[in-house]
Amino acid sequence: MNKFEKVSIEQYLKDLSTEKIEKSISQEIATEYRDIKLPKRATKYSAGYDFYAPFDILLKPNETIKFATGIKCQMNDDVVLLLAPRSSLGFKYRLQLDNTIGVIDSDYYNNATNEGHINAKITNDSRDEKIVEIKKGEAFMQGIFVKFETTEDDNAQGIRNGGIGSTNEK
């Protein structure tokens, strides 16, 4: 079963950027967390599930922001969630995910270190001095579920023990 969920409020607070924490605590962040929208498809035949900005984002050319989405995703074992910027933002502003394509494996869900919290790091790579403005609640990236196969001689036995990059840790 593929299903989006919110992470706990505790995990969301832990993953907020330092600048966001300094800006305000308590009520504003509680409201922000409450208002997080689960990803959904815009149309019947959309492949991607839109992820929505949890707060207003303003990016000048060459600026980058890393932020907590408040979202995690439970998936079937043979499914991966691929993340990409919304096509319109990439086309109009050259908005990009800093890892180009996000890859969320099924065992990332409820891992030991961060509940499987999907964070985003986006950059305005505009060459035309365009400013990217994404309002709270507007879609900024999309997630596409893809079924995958393995080779007949695959014998991977490793167990994920953490968040981003943990499959390379020994």
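Below: a short report on this structure. Bear in mind the structure is a predicted one, so any value in this text is a computation, not a measurement. (Residues numbered from 1 in each chain as written. Predicted model: local features only at pLDDT ≥ 70, side-chain atom pairs only at ≥ 80, totals over all residues. Heavy atoms only, no water.)

1. Notes on the sheet that holds strand S10 (residues 139-147)
- Overall, antiparallel pairing links the four strands, which are arranged S2-S10-S5-S7 in an open sheet. Both edges of this open sheet fall to strand S2 (49-52) and strand S7 (102-104), since each of them pairs with a single strand only. Taking the axes of each pair of neighbouring strands and ignoring which way they run, one obtains an average angle of 30° across the sheet.
- Where strand S5 (residues 79-85) meets S10, seven bridges bridge the pair, whose relative direction is antiparallel. Following the sheet pairing, alanine 84 is matched in S10 by glutamine 142. (Pairing = 2+ DSSP bridges. Helix = DSSP H or I, 4+ residues; strand = E, 2+ residues; numbered from the N terminus. Axes fitted to C-alpha atoms, helices over the stretch in contact; angles between N-to-C directions.)

2. A look at the sheet that holds strand S6 (residues 95-97)
- Judged by pairing direction, the sheet is antiparallel, and its four strands sit side by side in the order S1-S4-S8-S6 without closing on themselves. Of all strands in the sheet, those bounded by a partner on one side alone are strand S1 (3-6) and S6. Ignoring which end each strand starts from, the neighbouring axes of this sheet average 45° apart.
- Alignment of strand S4 (residues 64-74) against strand S8 (residues 118-124), held across six bridges, turns out to be antiparallel. Bridging from a neighbouring strand, phenylalanine 67 pairs with alanine 120 of S8.

3. Observations regarding the pattern of salt bridges
- On inspection of all chains with the given rule, the structure shows eight salt bridges.
- Close ionic contact of aspartate 50 with arginine 86 constitutes a salt bridge, the shortest N to O distance being 3.7 Å. Residue aspartate 50 is found in strand S2, and its partner arginine 86 is found in the loop between S5 and helix H4 (87-93); the two are separated by 36 residues along the sequence.
- Salt-bridge contacts for glutamate 133 lead to lysine 135; the nearest nitrogen and oxygen are separated by 2.9 Å. (Salt bridge = Lys/Arg side-chain N within 4 Å of Asp/Glu carboxyl O.)

4. Quick notes on the nonpolar core
- One finds Phe51, Leu81, Ile118, Ile122, Ile134 and Phe140 to be the most contacted residues of the largest nonpolar core, which totals 33 residues.
- It is S4 that contributes the most residues to this core, five residues altogether.
- Excluding residues that lie within four positions of it along the chain, isoleucine 134 makes contacts with Ala53, Phe55, Asp56, Ile57, Leu89, Leu95, Ile122 and Phe140. (Core = buried A, V, L, I, M, F, W, Y, C linked by side-chain atoms within 4.5 Å. Buried < 20%, exposed > 50% of the residue type's maximum accessible area, 1.4 Å probe, protein only. Contact = heavy atoms within 4.5 Å.)

5. Here we look at the packing of aromatic side chains
- Applying the stated criterion to the full structure yields seven aromatic pairs.
- When the ring of phenylalanine 4 is compared with that of phenylalanine 51, the centres are 5.6 Å apart and the planes differ by 85°; the resulting orientation is edge-to-face. On the criterion of sequence distance, the pair formed by phenylalanine 4 in strand S1 and phenylalanine 51 in strand S2 is long-range, its members being 47 residues apart. For the pair phenylalanine 4 and phenylalanine 51, a shared accessibility class is recorded, and that class is buried. (Phe/Tyr/Trp six-rings, centres within 6.5 Å; stacked < 30°, edge-to-face > 60°.)

6. Looking at the environment of glutamine 142
- Summarising the element assignment, glutamine 142 is placed in strand S10.
- Through-space distance from the C-alpha of glutamine 142 to that of proline 85 is 6.1 Å; in sequence the pair is 57 residues apart.
- What glutamine 142 contacts, discounting residues up to four positions off in sequence, is Gly48, Tyr49, Asp50, Phe51, Leu82, Leu83, Ala84, Pro85, Arg86 and Ser87.
- In this structure the side chain of glutamine 142 is engaged in a polar contact, spanning 3.4 Å, whose partner is the backbone oxygen of proline 85. (Polar contact = N/O pair within 3.5 Å; in protein donor to acceptor, adjacent residues only side chain to side chain.)

None of the figures reported here should be taken as evidence of function without further support.
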